[in-house]
Amino acid sequence: MKTSNPVLARLGQAAERERSAGYAQPGPYGYGQPGVPQQYPGQPGSPVAPKVSGTMTLDDVVVKTVTLLAILGVSAAAAWILVPDSVLGVAWIGAAMVGLVLGLIISFSRVANPALVVAYAIVEGAFVGLVSKVYETAYQGIVLQAVVATFGVFFVMTILYKARVIRATPKFVKGMIAVMAGLFAVMLINLVLALFGVNTGLRDGSPLAIGFSLVCIVVASLSFVLSFKEVEDGVRMGLPARYSWTAAFGIVVSLVWLYLEMLRLISYFQGDD
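What you see is a predicted model; the values in this text were computed from it and never measured. (Residues numbered from 1 in each chain as written. Predicted model: local features only at pLDDT ≥ 70, side-chain atom pairs only at ≥ 80, totals over all residues. Heavy atoms only, no water.)

Section: the environment of Met157
By secondary structure assignment, the location of Met157 is in helix H5 (residues 142-162). For Met157, a relative accessible area of 7% translates into the label buried. The residues touching Met157, leaving out its near neighbours within four places in the chain, are Ile166, Ser221, Leu222, Phe224, Val225 and Phe228. (Helix = DSSP H or I, 4+ residues; strand = E, 2+ residues; numbered from the N terminus. Buried < 20%, exposed > 50% of the residue type's maximum accessible area, 1.4 Å probe, protein only. Contact = heavy atoms within 4.5 Å.)

Right, dumping it as structure tokens:
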């Protein structure tokens, strides 16, 4: 089964590889040779296929997601406390770049690598902690507000998906991928222009900036639907248990994005306090 989720895009391919490795039995002339019938488990006289040590379950994904969030939280708290204010800017920019690189490697990797996912949680936690410290220093209490809003939206989206109010149809998936790619390109261009002192109005608290943040929050919220669908498909396809780390990574990425956008949006309305 193919998938369009940019974070979990390798799950379907992984399932096919696992099935090919576990089911296709070699004949005297190799795999799939002309005239050599393929044997599958359950056929009379067929050998027993090697069993996978464990398959991915919903409980696995929940546990891994909570684990990653715990690691991210500890890393954020450590960065908040230990990093001096004098190097705050350099530190969070460095953490953001390293986190982006790790995220891209995990997203486009052909294998599930728990060590990389944990490393991402540590680095991204440091980034989130440092950014949160900057916002909390400027706007007292904003971090708690953003955390509550983020998990509130997450639980609402979980309920809506479970009740099938929102479905990950092929059109929905394609539309979401296009929108997320477009937003990423716009934010990247805006960042580059900002480094050269060009203000596009997308991040300055203006009505345009508020509208842009609202769009990002809506898209980040809907991205959970893609992750939930891929988790559901992964469990149904019987992916190896290690891919629960990849699924958890996708959910954490959406949570971090949503949290950062919540921070930014709330700050716009506290700018005059």
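Quick notes on the confidence of the model for the protein
For the protein, the mean per-residue pLDDT works out to 82, and 79% of the residues sit at or above 70. With pLDDT under 50 throughout, residues 1-9 is counted as low confidence; its partners more than four residues away or in other chains account for 28 contacts. (pLDDT = per-residue confidence, 0-100.)

Quick notes on the packing of helix H2 (residues 58-82) against helix H4 (residues 114-138)
Contact pair H2 / H4: the axes reach a minimum separation of 7 Å and the direction vectors enclose 45°. If you check the angle between H2 and H4, you find them oblique. Regarding H2 and H4, the two cross each other, and that crossing is right-handed. Contacts between H2 and H4 involve Leu68, Ile71, Leu72, Ser75, Ala76, Ala79 and Trp80 from the former and Val117, Val118, Ala121, Ile122, Glu124, Gly125, Ala126, Gly129, Leu130, Ser132, Lys133 and Glu136 from the latter. Looking at the contact of H2 with H4, its residues break down into 12 nonpolar, four polar and three charged. (Axes fitted to C-alpha atoms, helices over the stretch in contact; angles between N-to-C directions. Parallel < 35°, antiparallel > 145°, perpendicular 65-115°, else oblique. Left-handed = near helix turned anticlockwise from the far one by under 90°. Nonpolar A, V, L, I, M, F, W, Y, C, P; charged D, E, K, R; others polar.)

Digging into the environment of Ile122
Position of Ile122 among the secondary structure elements: in helix H4. Along the backbone, Ile122 and Leu69 are 53 residues apart, and their C-alpha atoms lie at a distance of 9.6 Å. With sequence-adjacent residues up to four places away left out, Ile122 is seen in contact with Ile71 and Ser75.

Considering the UniProt feature "transmembrane region" (unreviewed entry) in the protein
According to UniProt, the positions carrying the feature "transmembrane region" (unreviewed entry) are residues 61-83, 89-108, 115-135, 141-161, 173-196, 208-228 and 240-260. As annotated, residues 61-83 has a helix share of 96% and a strand share of 0%, and its two end C-alpha atoms lie 32 Å apart. As annotated, residues 115-135 has a helix share of 100% and a strand share of 0%, and its two end C-alpha atoms lie 30 Å apart. (UniProt positions renumbered as here; feature names shortened; annotations may be inferred.)

Points about the pattern of salt bridges
Using the criterion set out here, one finds five salt bridges in the structure. Notably, a salt bridge pairs Arg164 with Glu232, separated by 2.7 Å at the nearest N-O pair. Remark: Glu232 occurs in helix H7 (residues 207-237) and Arg164 occurs in the loop between H5 and helix H6 (170-195); sequence separation between them is 68 residues. Close ionic contact of Asp233 with Lys229 constitutes a salt bridge, the shortest N to O distance being 2.8 Å. Taken together, the positions of Asp233 and Lys229, both in helix H7 and four residues apart, correspond to about one turn of that helix. Three or more residues joined by partner-sharing salt bridges are found here, namely Lys229, Asp233 and Arg236. (Salt bridge = Lys/Arg side-chain N within 4 Å of Asp/Glu carboxyl O.)

Some points on the packing of aromatic side chains
Throughout the structure, instances matching the rule amount to seven aromatic pairs. A ring pair is formed by Tyr120 and Phe249, whose centres lie 4.9 Å apart and whose planes are at 80°; its orientation type is edge-to-face. With Tyr120 in helix H4 and Phe249 in helix H8 (residues 243-268), the pair connects residues that are 129 residues apart, well separated along the chain. Neither residue differs from the other here; Tyr120 and Phe249 are each classed as buried. Each ring, one from Phe154 and one from Phe224, has its centre 5.1 Å from the other, and the planes form 75°; the classification is edge-to-face. On the criterion of sequence distance, the pair formed by Phe154 in helix H5 and Phe224 in helix H7 is long-range, its members being 70 residues apart. Residue class for Phe154 comes out buried when judged on its relative accessible area of 14%. Here the aromatic residues Phe154, Phe155, Tyr161, Phe224 and Phe228 are joined through ring pairs into a cluster of three or more. Looking at Arg164, its charged tip hangs above the ring of Tyr161, at a distance of 4.9 Å from the centre. (Phe/Tyr/Trp six-rings, centres within 6.5 Å; stacked < 30°, edge-to-face > 60°. Lys NZ or Arg CZ within 6 Å of the ring centre and 35° of its normal.)

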